[in-house]
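Spelled out, the chains give:
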Amino acid sequence: MASLLDASKPRINCSMLSQHIGRGVCFVGRVEKVHPTGKTFSVSDGEGKSATVELNEPLEEELSGIVEVIGMVSSKGVITSTTYNILREDKGIPFDLELYNEALKVIHDFPQYYPFEVAASG
């Protein structure tokens, strides 16, 4: 069985969490608040809605700005992170979460052009 990191994952925002319970997802958002234990943090999407991310281990680094989280959506709508990447905003060019959110809408409105599931061959 392929690991979550090897499998294809849909990119989602907060309004799509309930449609992906029990599935692997990719979520990009701005870090809003890190819990003092370092085991959870909240992120906001391009619509300004917030989601909670749970980690298996406490953070070992300061977390701020834009992050890409790969994880599984729990029944409570929490993303249990397998991994995350901090997206650095180089050269003063900020990441446009609102534009990213518009791209997500296009991707989800036209799944025939942006397939997330790869059919097993053989």
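Looking at an unreviewed UniProt entry, the chain carries the name Replication protein A3, with the source organism given as Oreochromis niloticus. Listed under Subcellular location (unreviewed entry) in UniProt, the entry text for the chain is "Nucleus". Among the UniProt annotations of the chain, the heading Sequence similarities (unreviewed entry) holds the following wording: "Belongs to the replication factor A protein 3 family."

Right, let's get into the pairing of strand S2 (residues 24-34). Walk down a regular strand and you will see the side chains alternate between the two sheet faces. Note: strand S1 (residues 11-12) against S2, two bridges, orientation parallel. Looking at the pairing, Ile 12 lines up with Phe 27 of S2. Bridge analysis of S2 against strand S5 (residues 66-73) gives seven bridges, and the strand direction is antiparallel. What sits directly across from Phe 27, in S5, is Val 69. Alignment of S2 against strand S3 (residues 40-44), held across four bridges, turns out to be antiparallel. What sits directly across from Lys 33, in S3, is Ser 42. The turn joining S2 and S3, which pair antiparallel and follow one another in sequence, is formed by five residues; a positive phi near 80° is taken by Gly 38.

Rules used in this analysis
Every chain is numbered independently, its residues counted from 1 as its sequence is written. At least 70 in pLDDT is required for a residue's local features to be given in this predicted model, at least 80 for side-chain atom pairs to be given and counted, and no such filter applies to totals for whole chains, interfaces and linings, which use all residues. Side-chain calculation: all heavy atoms of the structure are included, whereas hydrogens and water are not. UniProt positions are given in the numbering used here, feature names are shortened, and annotations may be inferred rather than shown by experiment. A pair of strands is labelled paired if DSSP reports no fewer than 2 bridges between them. The way it works is that DSSP assigns letters per residue, a run of H or I at least four long becomes a helix, a run of E at least two long becomes a strand, and they are numbered from the N terminus.

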